[in-house]
Amino acid sequence: MTIITIGPDLLDNLADMARRAGDAILAIYGREQFDVALKSDDSPVTAADLASHAVIVSALAERYPGVPVLSEEAEVPWTVRQGWQEYWLVDPLDGTKEFIKRNGEFTVNIALIRQGQAVAGVVYAPCFEGAEGQGACYIGAKGLGAWLRVPGEPARPLTGAEHVRQVPLVVGSRSHGSPGLDAYLAGLGEHEVLSVGSSLKFCMLAEGRADLYPRLGPTSEWDTAAAQAVLEAAGGKVLEYESRQPLRYNQKESLLNPWFLALAPGQGTE
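Everything numeric here is computed off the predicted structure, so don't read it as measured data.

Give me the UniProt feature "binding site: substrate" (unreviewed entry) in the protein chain: which residues, what numbers.
Per the UniProt record, "binding site: substrate" (unreviewed entry) is annotated on Glu72, Leu93, Asp94, Gly95, Thr96 and Asp223. A maximum C-alpha distance of 12.1 Å is found for the annotated residues, which run over 152 residues; spatially they form one tight group. Along the polypeptide, aspartate 94 turns up in strand E4 (residues 86-94). When sequence neighbours within four positions are dropped, the list of residues in contact with aspartate 94 reads Glu105, Phe106, Thr107, Asn109, Ser198, Ser199 and Asp223. Inspection of the secondary structure puts glycine 95 in the loop between E4 and helix H4 (96-101). Looking at glycine 95, the relative accessible area reads 15%, which means it is buried. Beyond its immediate chain neighbours, meaning those up to four positions away, glycine 95 contacts Glu105, Phe106 and Ser198.

Account for the packing of helix H1 (residues 8-29) against helix H2 (residues 47-63), naming residues and giving values.
Closest axis-to-axis distance for the H1/H2 pair is 8 Å, and the angle between their directions is 155 degrees. Taken together, the axis directions place H1 and H2 in an arrangement best described as roughly antiparallel. Like other packed secondary-structure pairs, H1 and H2 cross with a definite hand, here right-handed. Contact residues: H1 offers Asn13, Leu14, Met17, Arg20, Ala21, Ala24, Ile25 and Ile28, while H2 offers Ala47, Ala48, Ala51, Ser52, Val55, Ile56, Ala59, Leu60 and Arg63. For the contact of H1 with H2, a count of residues per class yields 13 nonpolar, two polar and two charged.

Tell me what's going on with helix H6 (residues 200-207), and back it up with residues and numbers.
In terms of burial, H6 is a largely internal element, eight of the eight residues being buried. Within the sequence span of H6, burial applies to Leu200, Lys201, Phe202, Cys203, Met204, Leu205, Ala206 and Glu207. At the exit of H6 stands glycine 208, carrying a positive phi of roughly 90 degrees.

I'd like a rundown of the environment of isoleucine 100, residues and numbers included.
Structurally, the position occupied by isoleucine 100 is in helix H4. A sequence separation of 72 residues divides isoleucine 100 from glycine 172, and the C-alpha atoms of the two residues are 19 Å apart. Ignoring sequence-local partners within four residues, the contact set of isoleucine 100 consists of Phe34, Val36, Pro44 and Thr46.

Cut-offs used in this document
Residues numbered from 1 in each chain as written. Predicted model: local features only at pLDDT ≥ 70, side-chain atom pairs only at ≥ 80, totals over all residues. Heavy atoms only, no water. UniProt positions renumbered as here; feature names shortened; annotations may be inferred. Helix = DSSP H or I, 4+ residues; strand = E, 2+ residues; numbered from the N terminus. Contact = heavy atoms within 4.5 Å. Buried < 20%, exposed > 50% of the residue type's maximum accessible area, 1.4 Å probe, protein only. Axes fitted to C-alpha atoms, helices over the stretch in contact; angles between N-to-C directions. Parallel < 35°, antiparallel > 145°, perpendicular 65-115°, else oblique. Left-handed = near helix turned anticlockwise from the far one by under 90°. Nonpolar A, V, L, I, M, F, W, Y, C, P; charged D, E, K, R; others polar.

Next comes the structure, spelled out in structure tokens:
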């Protein structure tokens, strides 16, 4: 069985794959029109989702042959994946609804999962802050740390420690609300809320641009893994809401996550 070495080369390789997938996405994003289809769960899918998937799966197979891949666009039966100890978990285009709205808040996500933990990941935002072409790349791995890379600038370590607010800033989904979240926020005390699409919410926590991301509604494992790896490498946490234990992967047949809380570095668990 292949054991992937977690080091700077791994993060460089994943960042390069994510950027190439981002280029494939932007080629379609730049079209005047593109088709949108619905999958069996009524979630949207576009040619950009599939093009990104193809780039990533091909690159992973070439660079890391023999390591299994689980992607939103190519699910694997539980009978096959239940014995996996190490695999890639991929969301080729997280925030498809934001892609369709053309607001720029979508990402490419590649994570390495080892024994249920997200131990390395890259989150690439081709249209960071809505400015097409900037290409912000968040990378992180267990034991290494986390960084933000933007073209033309030196890589910036992510620790979340440089921002201090008197009132906590809570980030939430731009396209998915929930009654559970409303009840949680009602008991939180004074706070501010900012709606953000895709896995960028986790990245804002890693940067210290926000404090808390409570997700009291459905998500899938590919939605969170890469960004969890980045946030935890920066010193943050992603905890199951009920148990307050770290969010884990490939522990059951369903690929739905439990409710969770994501916390910026230095934040408590409540």
